[in-house]
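# Architecture and fold: a report
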Amino acid sequence: MRGQLGAEIGALLPAYPWDRFRHCRRRGGNGAFLAAILTAHPGLRGVLFDQPHVVADTDVLTSAGVQDRCQVVGGDFRRAVPAGGDGYVIKRAFYDLDDEDAAAFLRAVRSVVASDGRLLIIEPMIEPGDGFDWGKLYDVLLLTMRGGGSRSREELAALFGRTGFELTNCRTATKSLPIVEARPV
């Protein structure tokens, strides 16, 4: 994952208007992606949120010089997520969740997201048809490694609909990582 991160960041940053947000909440990882967003958009503030042991090391934020604009919060996403954001981003972590945990996460975000806010999910998505698709490849990989898997656009839309969101856009960012955008309804 770390080997791919530089290329992913290079593709993801220009693929979305990150400066539309004032306060971006990011679930997962060591903060490298959030640090890149904050570096590219100096007016943006962020929160890195994940389990306490995952966010214990903030060297990436310090190295990027964005630690003064980024709060680090440990917690359980199934219970609550940090409030006050107009952008909530989950990258390469939603496919690890079964539908029950995914719905719990979405409900937690829905309870705190600004009315004009957005939820972004950045991970492989299964495309329709029988042709080759990166999402299908990741789906098989995830099923064998973790028991989880990628979702189709229809599956994501249904999950969003059950939890107070509406799928509004899917932006192509890389061959394997679309940016799926949802808004609260």
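Now for a quick tour of the structure. (Residues numbered from 1 in each chain as written. Predicted model: local features only at pLDDT ≥ 70, side-chain atom pairs only at ≥ 80, totals over all residues. Heavy atoms only, no water.)

You will see that Arg92, though not glycine, has its phi angle at about 50°, which is positive. Along the polypeptide, Arg92 turns up in the loop between strand 4 (87–91) and helix 4 (99–110). (Helix = DSSP H or I, 4+ residues; strand = E, 2+ residues; numbered from the N terminus.)

Along the chain, Glu154 falls in helix 6 (residues 153–162). Sequence separation of Glu154 and Glu127 is 27 residues, and the distance between their C-alpha atoms is 9.7 Å.

With that settled, the discussion passes to the sheet that holds strand 5 (residues 118–122). Strands sit in the order 3-2-1-4-5-9-8 across an open sheet of seven strands; the sheet is mixed. A single partner strand is all that each edge strand has here, and the edge strands are strand 3 (70–74) and strand 8 (165–172). Strand-to-strand, the axes of this sheet are offset by a mean angle of 20°, without reference to chain direction. For strand 1 (residues 23–27) and strand 4, the ladder comprises four bridges, and the chain directions are parallel. Residue pairing across strands places Arg27 opposite Ile90, the latter belonging to strand 4. (Pairing = 2+ DSSP bridges. Axes fitted to C-alpha atoms, helices over the stretch in contact; angles between N-to-C directions.)

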